[in-house]
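Chain by chain, the residues:
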Amino acid sequence: MKRTEFLKKGIRKWKNVLAVTGVMAAVALSSGCQMNKYEKIELSEISEEDGEEEGRKAKEAESQKGASGDSGQSAHEASSSPVKAEIIRETAPEMEARDEVVFVDATDLNVRSFPGAQGAVVGTLNRGEQLKRTGYSQSWSRVDYQGRECYVSSQYLTTSQPKPQETETDVSASEGASAAQAGEIGLNPDWKYADFSKIHSGKAVLYKADGANRKGKVVCVNAGHGTSGGSSVKTLCHPDGTPKVTGGSTAAGATTAIAVSSGMTFSDGTPEAKVTLALAMVVKEKLLARGFDVLMIRESDDVQLDNIARTVIANNVADCHIAIHYDSTTNDKGAFYMSVPNIASYRAMEPVASHWQQHHALGDSLIAGLRGVGAKIYSGGKIDMDLTQTSYSMVPSVDIELGDKGSDHSAASLDKLGNGLADGVELFFKN
Ligand SMILES: [Zn+2]
């Protein structure tokens, strides 16, 4: 719908509301923040004509119910609806007068033009920012924001400066991670694509950084392989059932692939799964020391989570997903990541379509980090591959191959690679 048409619809709807209900309502002609009077208008009284607006509103109401509270919603989306700025549908809560300094204890906390989920978002605030509070109710607080009276959700304001270790209360939807509690995390059957997993009785473990340098970001570290019985089960390559577009351990054209393969064996006889686990443990400690929370998919020789379960858990708990592997060539060719094949049908398939550029940004950052510590890099640092992990990933996600059967996997080598990967993660979140 064009904006002008949408605006007309909004005005037409407004007229309908007056005609049908005769209710007095406050009208804001701009997204300014000085609204003080409100009348409730029942949604059922509003003309049926604008399904689009209602759908958006229902979604917003739903997101308000969840743990994400008032934070994390797209400011762009919220402020782009002219209708919302014109009709106020909520009764303003009674406010107790206050005159105090408060601090934001959330990330991306929405600042609204009036106290309600329909209030236009006029800005966002981050943890530790100071505000003057002039009014308080249990649900909403009135604050001075850039010289105007605006409203933020009371539950994310504190009267003392929040401490870094209190960031578990982080509520940003984009940091789904930060909302999760430390400890074991299994596959929630309600999560998107969870149904596609065949092996999911195991648990990942979330570790929270506890230093003053906490970053509020969760990195999923996925030690490749290590699921006993995983090679005798098959899962769909793509959520839409289409066949694989490149050949790797599974041939192009196949619609199903091994749920978790057993991995290769290094030239010296060491199983790949042992080395990926050892490196994952090194990376975990380095990331925690640098203030990242870490979601460990596997910390022993066996975890009963297939590649889809690993990916879906990362989608819902982490801000990025790094699967650690070594390749099956023998010439110590160097590190590279599995990039998203430049095949139109694959790049158009969700969730690849919405995320493949993020996957590349993460892969490029990790390669830059590895290059920075002097690790050997293969060619341009990437090889196109259609992987199950990529095909189900909804957060920045890569399979990175740190070398191959011929590569050194001594403790010193893993320490160097661990530094490179941790540098790459820092680089990724800085960009
Ligand atoms: Zn592997």
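All values derive from a computational prediction rather than experimental measurement. (Residues numbered from 1 in each chain as written. Predicted model: local features only at pLDDT ≥ 70, side-chain atom pairs only at ≥ 80, totals over all residues.)

Some details on the overall build of the protein
Cut-off, in case you're wondering: Counting from the N terminus, the helices are the DSSP runs of H or I reaching at least four residues and the strands are the DSSP runs of E reaching at least two. Comment: burial labels come from other C-beta atoms within 10 Å of the residue's own C-beta, placed from the backbone, where a count of 20 or more is buried, 12 or fewer is exposed, and between is partly exposed. Residues are scored as being in contact if the C-beta atoms we place from backbone atoms lie within 7 Å.
Scanning the protein from terminus to terminus reveals 11 helices and 17 strands. Considering the protein as a whole, with its 431 residues, one finds that 45% of them fall into the buried category. Nonlocal contacts in the protein, meaning residues at least 24 apart in sequence, comprise 79% of its contacts between residues at least 6 apart.

Quick look at the sheet that holds strand β14 (residues 320–327)
Operational definition: Any two strands with at least two DSSP-identified bridges between them are counted as paired. Every axis corresponds to a line fitted to the C-alpha atoms, with the helix fit spanning only the stretch in contact, and the corresponding angles, defined between N-to-C directions, vary from 0 to 180 degrees.
With mixed pairing, the 8 strands of this open sheet are ordered in space as β8-β9-β13-β10-β14-β17-β15-β16. Each edge of the open sheet carries a strand with a single partner, namely β8 (183–185) and β16 (377–384). Ignoring strand direction, the axes of neighbouring strands in this sheet form an average angle of 25°. Where β14 lies against strand β17 (residues 397–404), 6 bridges are found, and the strand directions are parallel. Note that in β17 the partner of Ile322 across the bridge is Val398. Strands β8, β9 (204–207), β10 (218–223), β13 (293–296), β14 and β17 of the sheet are contacted by helix α7 (residues 307–317), whose axis makes an angle of about 170° with β10.

A closer look at unusual backbone geometry
Each neighbour pair has its own omega, and for Glu350 with Pro351 the value is 5°, a cis peptide bond. Examined against the element boundaries, Pro351 turns out to sit in the loop between α8 (344–348) and α9 (352–372). Unlike most non-glycine residues, His225 shows phi in positive territory, near 70°. Note on placement: His225 falls in the loop between β10 and β11 (234–236). A positive phi angle is found at Asp332, which is not glycine, with a value near 50°.

Some words on the pairing of strand β1 (residues 96–104)
Here β1 runs beside strand β4 (residues 130–136); their pairing, made up of 6 bridges, is antiparallel. Its bridge partner lying in β4, Glu96 is registered against Tyr136. Summarising the sheet, β1 and strand β7 (residues 157–158) pair through 2 bridges and their orientation is antiparallel. The partner of Val104 across the bridge, within β7, is Leu157.

Some thoughts on the nonpolar core
In plain terms, the rule: What makes a nonpolar core is a set of buried Ala, Val, Leu, Ile, Met, Phe, Trp, Tyr and Cys residues, with links drawn between C-beta atoms within 7 Å.
If you look at the biggest cluster of nonpolar residues, it comprises 66 residues, and the most contacted ones within it are Val219, Cys220, Val221, Leu295 and Ile322. Looking at which element gives the most residues to this core, the answer is helix α6 (residues 272–289), with 8 residues. In this structure, Val221 is in contact with Ala280, Val283, Lys284, Val294, Leu295, Met296, Ile297 and Ile322, ignoring residues within four places of it in sequence. Counting 18 residues, the second largest nonpolar core, distinct from the first, contains Val102, Val121, Leu125 and Val143.

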